[in-house]
Amino acid sequence: MLIFRGRNRVTSGYRLPDRPGHNGLDIVGDDSHDVLCPVSGTVKSSTIITDKSNSTWEWGNYVRVDDGEGNRLFFCHLDSRAVSVGQKVNPGDKLGVMGNTGYSFGAHTHFEVRKSDGKTTLDPAAYLGILNAKGTYSEGKSGWVQANKSWYYYEDGAPVMASWRQIDGKWYYLGPDGRMVDDLQEIGGREYFFFTKSEGGRLHGEMAKTDETGALV
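All values derive from a computational prediction rather than experimental measurement.

Student: Lay out the nonpolar core with the relevant residues and their values.
Tutor: The nonpolar side chains of a soluble globular protein tend to be buried with one another. In this structure, I130 and Y137 are the most contacted members of the largest nonpolar core, which totals 33 residues. Looking at this core, the elements with two or more residues in it are β2 (25-29), β5 (61-67), β6 (72-78), β10 (109-114), α1 (124-128), β13 (143-147) and β14 (150-155). When residues no more than four places from it in sequence are discounted, the contact partners of I130 are L2, V10, L25, A125, Y137 and Y154. Within the second largest apolar cluster, eight residues are counted, among which are W151, Y153, V160 and I167.

Rendered as structure tokens:
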């Protein structure tokens, strides 16, 4: 599950080209500011570090939850914390409230995942089941989602990948990363030409129709 009810707006991704040293996701809860635990686990930290000689001060108010595999989940920049060390938590339990504490510019939650060694980072987007891309995601969402200027198609909250889909009577191909393909593509040993078409402000990679000579019809 995601960390906010309703819309979760990712404003900065995990090690994307614009911030290669960013080890988490910056997420804004557009519909609710309550930060929810996405897994079952145990609270290992619920604190704020104010000593700036300790780099952890940048997280401000933060909560750490360890899941059943020992992965460490960090929820940072909280305005307030709602759990205590040693507390058992389940998916959907409130951990705190989104805030702007520590080294932060605007209210959001920095969500980071590390292995049990405390050093090796994991892709938090994959942990939540969303794309590592800027965009807005909702639990159980189905339909088109735009992220990083590309279009993706979701079914039951997960992006469709490496698959054909007929949507509203038109055929689309979603690539291995879930991105809607356009232009000339080779798929399964055959060449297809997709063109972008604006409908209601959206650009879709609708498959071009051709006759037996390959001419567009």
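Student: Can you explain the packing of aromatic side chains? Please cite residues and give values.
Tutor: Under the counting rule described, the total for this entry stands at 10 aromatic pairs. Taken together, a centroid distance of 6.1 Å and an interplanar angle of 50° make the contact between Y137 and Y154 tilted. Of the two residues, Y137 is situated in strand β12 (residues 135-138) and Y154 in strand β14; the sequence distance between them amounts to 17 residues. The exposure classification of Y137 matches that of Y154, with both residues buried.

Student: Can you lay out the pairing of strand β4 (residues 41-48) for me, pointing to particular residues and giving the numbers?
Tutor: Looking at chain direction, β4 and β5 are connected through seven bridges and run antiparallel. Across the sheet, T42 pairs through a bridge with D66, a residue of β5. Bridging between β4 and strand β8 (residues 88-89) involves two bridges; their strand directions are antiparallel. Note on β8: the bridge partner recorded for T42 is K88.

Student: Tell me what's going on with the side chain of S163, and back it up with residues and numbers.
Tutor: Mapping S163 onto the fold places it in strand β16 (residues 163-167). The exposure class assigned to S163 is buried, which follows from its relative accessible area of 19%. In this structure the side chain of S163 is engaged in a polar contact, spanning 2.6 Å, whose partner is the side chain of R165. Each residue touching S163, except ones within four places of it in the same chain, is listed here: Y172, Y173 and L174.

Conventions used here
Residues numbered from 1 in each chain as written. Predicted model: local features only at pLDDT ≥ 70, side-chain atom pairs only at ≥ 80, totals over all residues. Heavy atoms only, no water. Core = buried A, V, L, I, M, F, W, Y, C linked by side-chain atoms within 4.5 Å. Buried < 20%, exposed > 50% of the residue type's maximum accessible area, 1.4 Å probe, protein only. Helix = DSSP H or I, 4+ residues; strand = E, 2+ residues; numbered from the N terminus. Contact = heavy atoms within 4.5 Å. Phe/Tyr/Trp six-rings, centres within 6.5 Å; stacked < 30°, edge-to-face > 60°. Pairing = 2+ DSSP bridges. Polar contact = N/O pair within 3.5 Å; in protein donor to acceptor, adjacent residues only side chain to side chain.

Any functional reading would require information beyond the geometric quantities listed.
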